[in-house]
Amino acid sequence: MANIRPFEAIRPAKEYAERIAALPYDVYSREEAYEAVQGKDDTFLRIDRAETNFDYDIDLYSDKVYEKANELLQNMIEDGRFIRDNKPCYYIYELTMDGRVQTGIVAASSVDDYVNGIIKKHENTRAEKEADRINHVNVCSAQTGPIFLAYRDRKAIDEVVSKIKNGEATYDFVADDGVRHRVFVVDDVEDIRVIYKEFKETDSIYIADGHHRAASAVKVSMMRREAKGNYDGDEEFNFFLSVLFPDSELMIMDYNRVLKSLNGHTIEDLHEWLKKSFIFVKEDTSEIRPAKKGQVSLYDGSKWSLYEIKPELVVDDPVESLDVSILQELVLDPFFDIQDPKTDDRIDFVGGIRGLKELERRCNTDCKVAFAMYPTDISELFNVADANRLMPPKSTWFEPKLRSGLFIHEIER
């Protein structure tokens, strides 16, 4: 059963919370990160992407970068911009975007639960992407970006969360992107007991977003275990920072594809190819968004066309039935010769938050065609993870993004 426990968070002093909170480190390119920190001395991005404190020619993975991150973190603790709670607590983290509310429990999740498959993943990780966060966590001795986890609704947890949210929030601010963030501290002994017990009775928890952060946290834990020799499993380095959301409150957005080449074919060839496996539904010069599972929209530079998978080609398999898998197997691989979308530079991925206009823009600049996808459902994610299978890359896009810097889990003092 899941071991999801309270912890003594390092978190912003109330008056600094809005200025410190930052989008995750990995949503920024290097250029964007340098631009984002300008004039913002308190932003946590200076710690998450500490290369921004140096001239642009510094190696991103230099020891100096990680040492600088730790120096800045310690300075902000010492000068009072960050405070440390003096007892283990849970925290309630509510995000409101476009009127939709999702509320999670901030907690320390067990590394052993990840290793033993209680905390389930649905995508592979890449060693080169893990290495950066391994160094960041190890040098700072702290996890600074939460892993986004999901669980099936638990009524007792909902009741505790609802009760506490009727009180006054510790933090309450609206970020630059219009997302409202509220945080409540859960320090009542009975509330803590209920939350811990409910998670203890949960047999499956799912990584929604943050696979590389999770894998990095686990590897640092293993490094600390090996260095210690003897450990009892209760040490903080055996747990990682997470926010756990009930599945009923989560929304996955579309994750769309743009192609930079037609692989020697014409647009007419592509439409004819699609008709082998898909039913043509309609076309228009205006945007057409897929309305249900099995539909995909194609933008060819001048018009939108909506297609729907032929019923006889629908399969009963948690991975192969995903719309992103269908497109990969029936179109991207055989027509575009894109066999590995993770490494092929002829394909790019555009999160649904950017809208269909971004697909049109890309087709008028550096791309030839775009595919707008119907969003993967959270139940599909659960089914893939439960089957111990993996989704194709870039299958899910979650919004809103959790802010870094609101909660820090110190793994060793």
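Our subject is the structure that appears above.
Predicted model only: the values in this text are computed from it and were never measured. (Residues numbered from 1 in each chain as written. Predicted model: local features only at pLDDT ≥ 70, side-chain atom pairs only at ≥ 80, totals over all residues. Heavy atoms only, no water.)

Some remarks on the overall build of the protein
- Assigned secondary structure in the protein consists of 13 helices and 21 strands.
- The globule rule puts the C-alpha radius of gyration for 413 residues at 22 Å, and the 22 Å found for the protein is close to it.
- Oriented by its inertia axes, the alpha-carbon framework of the protein measures out at about 65 × 50 × 45 Å.
- Here the protein holds 413 residues, and 56% of them are scored as buried.
- Relative to all contacts within the protein whose residues are 6 or more apart in sequence, the contacts with residues 24 or more apart total 78%.
- If you sum the accessible surface of the protein, you get close to 18,200 Å²; carbon and sulfur atoms cover 46% of it.
- Side chains of the protein give 56 positive and 80 negative charges; the mean places of these two sets differ by 1 Å. (Helix = DSSP H or I, 4+ residues; strand = E, 2+ residues; numbered from the N terminus. Rg over C-alpha atoms; globule rule 2.2 N^0.38 Å. Buried < 20%, exposed > 50% of the residue type's maximum accessible area, 1.4 Å probe, protein only. Contact = heavy atoms within 4.5 Å. Areas by Shrake-Rupley, 256 points an atom, 1.4 Å probe, with all protein chains shown as cover. Lys, Arg positive; Asp, Glu negative; His and termini not counted. Charge placed at Lys NZ, Arg CZ, Asp CG, Glu CD.)

Observations concerning the nonpolar core
- Grouped together as the largest cluster of nonpolar side chains are 63 residues, with contacts concentrated most on Tyr-93, Leu-270, Phe-336, Val-369, Phe-371 and Leu-406.
- The residues touching Leu-270, leaving out its near neighbours within four places in the chain, are Leu-298, Val-331, Phe-335, Phe-336, Val-369 and Phe-371.
- One finds Tyr-90, Leu-149, Val-161 and Ile-205 within the second-largest nonpolar core, a separate group that totals 32 residues. (Core = buried A, V, L, I, M, F, W, Y, C linked by side-chain atoms within 4.5 Å.)

Description of the packing of aromatic side chains
- Overall, the coordinates contain 16 aromatic pairs when judged by the stated rule.
- Between the aromatic rings of Phe-335 and Phe-336, the centroid separation amounts to 5.0 Å while the plane-to-plane angle is 75°, which identifies the pairing as edge-to-face. Pair check on accessibility: Phe-335 and Phe-336 agree, each one buried.
- Directly above the ring of Tyr-25 sits Arg-133, whose terminal nitrogen or CZ lies 3.8 Å from the centroid.
- We note Lys-275 situated over the ring of Phe-280; from NZ or CZ to the ring centre the distance is 5.9 Å. (Phe/Tyr/Trp six-rings, centres within 6.5 Å; stacked < 30°, edge-to-face > 60°. Lys NZ or Arg CZ within 6 Å of the ring centre and 35° of its normal.)

Some details on the pairing of strand S18 (residues 347–351)
- Most of S18 is tucked away, with four of its five residues classed as buried.
- Across five bridges, strand S14 (residues 255–259) lies against S18 in antiparallel orientation. In the strand pairing of S18, Asn-256 is matched with Val-350. (Pairing = 2+ DSSP bridges.)

Considering the sheet that holds strand S17 (residues 304–309)
- Taking strand neighbours across the sheet as the criterion, the six strands line up as S15-S17-S16-S19-S14-S18 in an open arrangement whose pairing is antiparallel. Two strands bound the open sheet, and with one partner strand each, they are strand S15 (278–284) and S18. Taking the axes of each pair of neighbouring strands and ignoring which way they run, one obtains an average angle of 25° across the sheet.
- Examined bridge by bridge, strand S16 (residues 295–299) and S17 share five bridges and lie antiparallel to one another. Bridge assignment links Ser-297 to a residue of S17, and that residue is Leu-306.
- Sheet contacts for helix H10 (residues 267–277): S15, S16, S17 and strand S19 (369–373); angle to S17, the most-contacted strand, approximately 25°.
- Sitting on the sheet, helix H12 (residues 355–363) is in contact with S14, S16, S17, S18 and S19, with an inclination near 165° to S19. (Axes fitted to C-alpha atoms, helices over the stretch in contact; angles between N-to-C directions.)

Some thoughts on the pattern of salt bridges
- Under the criterion given, the structure shown has 48 salt bridges.
- Between Lys-293 and Asp-323 there is a salt bridge, with its nearest N and O atoms 3.5 Å apart. Here Asp-323 lies in helix H11 (residues 323–332) and Lys-293 lies in the loop between S15 and S16, a separation of 30 residues in the sequence.
- Among the charged side chains, a salt-bridge network with shared partners connects Glu-8, Arg-84, Glu-410 and Arg-413. (Salt bridge = Lys/Arg side-chain N within 4 Å of Asp/Glu carboxyl O.)

Remarks on the environment of Asp-300
- Counting through the fold element by element, Asp-300 comes out in the loop between S16 and S17.
- Classification of Asp-300 as buried rests on a relative accessible area of 9%.
- Distance from Asp-300 to Glu-8, taken between C-alpha atoms, is 53 Å for residues 292 residues apart in sequence.
- Dropping the residues within four chain positions of it, Asp-300 is found in contact with Ile-267, His-271, Lys-368 and Val-369.
- Among the polar contacts made by the side chain of Asp-300, one reaches the side chain of His-271 at a distance of 3.2 Å.
- At 3.1 Å, the side chain of Asp-300 and the backbone nitrogen of Ser-302 are in polar contact. (Polar contact = N/O pair within 3.5 Å; in protein donor to acceptor, adjacent residues only side chain to side chain.)

Here's the deal with the packing of helix H7 (residues 155–165) against helix H8 (residues 189–200)
- Running from N to C, H7 and H8 cross one another at 150°; their axes reach a closest spacing of 9 Å. The orientation of H7 relative to H8 falls into the category roughly antiparallel. Note on packing geometry: the crossing formed by H7 with H8 is left-handed. Along its contact with H7, which presents Ala-156, Ile-157, Val-160, Lys-163 and Ile-164, the element H8 presents Asp-191, Val-194, Ile-195, Glu-198 and Phe-199.
- Classifying every residue of the contact of H7 with H8 gives seven nonpolar, no polar and three charged. (Parallel < 35°, antiparallel > 145°, perpendicular 65-115°, else oblique. Left-handed = near helix turned anticlockwise from the far one by under 90°. Nonpolar A, V, L, I, M, F, W, Y, C, P; charged D, E, K, R; others polar.)

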